[in-house]
Amino acid sequence: MAKIIDGKKISQQMKDELKEKAERLKEKGKTGALAVIQVGQDPASSVYVRNKKNACAYIGIESLAYELPEETTEEELLKLIDELNGKEQVKGILVQLPLPKHICEDKVIRAISPKKDVDGFHPQSVGAMTIGEPGFLPCTPAGIIQLLKRSDVEIGGKHCVIIGRSNIVGKPMAILMLRENATVTVTHSKTKNLKEICRQADILIVAMGKPQFIGAEYVKEGAVVIDVGIHRDENNKLCGDVKFAEAEPLASAITPVPGGVGPMTIAMLMNNCVQSIEEE
Ligand code: GUN
């Protein structure tokens, strides 16, 4: 029987710590706002954006919502970011991804001042993370590190296998696990012998974006399994990339979906916002 890693509970603890920290900063006159920009009305993005605004309200940070129409041009979006870069009270800028196809995401990410890059996506933030210099860490991988640490999972010297190599999760996850002294293997859609490699993992982090793909045959007995996927199954129920019922009896610890990694992403975003207010 695996220990169920409760991301809801751990993220709540973090948000309570951050709420206190934000209150202390406010007493010293340090405040700030998070600007959240959404272009178009992708329903999943709308849910994430609403959750981010609610988290700001809980912590006691102002949030400024920019809900822009689908037809917004790249130029208009870049102009808004430029204005927000110049506003002293705005301490964080978040552009919800994905953007409509006519807007270049890379250009938009680069337009955000690294000082306000609370998503940690700017190449300067990525570079700083890679060489271990101060900067904002990307929220999902940093949230997973917190989940592991706060669940007393030892990372140093462990073999961590990551499935997925995206800029948002897989690649930064590998860097952060290396920083924690894990031995890291990154796998992806072209990897051969995926099952055999996964079965060597002490910590298996699954961010492949395929609903309920990872079954018992991928999991070593006693492994810690972290599921980053979030999908709707045929009954419209939320599910991850991992077949939970198959992996759970083998694992020593496992994250559920929902209530695992998801809430941690928002807690780390709040962490980055408070860090930005503190460092002003
Ligand atoms: N879309 C999916 N995940 C994220 C995230 O962490 N930040 C932003 N801005 N967009 C996303």
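Use the structure listed above.
What you are looking at is a predicted structure, and each value in this text was computed from that prediction instead of being measured.

1. Some remarks on the packing of aromatic side chains
Per the stated rule, a full pass over the model turns up one aromatic pair. With centroids separated by 6.1 Å and ring planes inclined at 55 degrees, the aromatic side chains of F213 and Y218 adopt a geometry described as tilted. The partly exposed category is assigned to F213, whose relative accessible area is 32%. Relative accessible area serves as the criterion here: at 7%, Y218 is assigned to the buried category.

2. So, the site of the ligand
Inspection of the region around the ligand gives K52, L94, V95, Q96, L97, D119 and F121 as its neighbouring residues. Contacts to the ligand include V95, whose backbone N or O atom sits 2.8 Å from a nitrogen atom. The separation between a nitrogen atom of the ligand and a polar side-chain atom of Q96 is 3.4 Å. When isolated, the ligand has an accessible area of 280 Å², and the protein chains bury 81% of it. The class makeup of the residues in the shell around the ligand is four nonpolar, one polar and two charged.

3. Quick look at the side chain of T72
Here T72 shows up in the loop between β3 (62–68) and α3 (74–85). For T72, the side chain forms a polar contact with the main-chain oxygen of P69, separated by 2.5 Å. Setting aside anything within four residues of it in sequence, one finds T72 in contact with V39, L77, H102 and I103.

4. Description of the packing of helix α2 (residues 43–59) against helix α10 (residues 261–278)
Across the interface, α2 lies against α10 with an axial gap of 10 Å and an inter-helix angle of 55 degrees. Considering their axes alone, α2 and α10 lie oblique with respect to each other. Once α2 is placed against α10, the crossing between them reads as right-handed. In contact with N51, K52, A55, C56 and I59 of α2, α10 contributes I266, L269, M270 and V274. Class assignment of the residues belonging to the contact of α2 with α10 gives a composition of seven nonpolar, one polar and one charged.

5. Looking at helix α5 (residues 123–131)
Burial in α5 covers these residues: S125, A128 and M129. Buried residues of α5 fall within an arc of 100 degrees about the axis and therefore sit on the same side. Among the exposed residues of α5, those oriented more than 90 degrees off its buried face are Q124 and I131. Of the surrounding secondary structure, the elements contacted by the buried residues of α5 are α7 (170–179). Looking one or two places after α5, you find G132, whose phi comes out positive at around 80 degrees.

Conventions we followed
Residues numbered from 1 in each chain as written. Predicted model: local features only at pLDDT ≥ 70, side-chain atom pairs only at ≥ 80, totals over all residues. Heavy atoms only, no water. Phe/Tyr/Trp six-rings, centres within 6.5 Å; stacked < 30°, edge-to-face > 60°. Buried < 20%, exposed > 50% of the residue type's maximum accessible area, 1.4 Å probe, protein only. Near = heavy atom within 4 Å. Polar contact = N/O pair within 3.5 Å; in protein donor to acceptor, adjacent residues only side chain to side chain. Areas by Shrake-Rupley, 256 points an atom, 1.4 Å probe, with all protein chains shown as cover. Nonpolar A, V, L, I, M, F, W, Y, C, P; charged D, E, K, R; others polar. Helix = DSSP H or I, 4+ residues; strand = E, 2+ residues; numbered from the N terminus. Contact = heavy atoms within 4.5 Å. Axes fitted to C-alpha atoms, helices over the stretch in contact; angles between N-to-C directions. Parallel < 35°, antiparallel > 145°, perpendicular 65-115°, else oblique. Left-handed = near helix turned anticlockwise from the far one by under 90°. Arc of directions from axis to C-beta.

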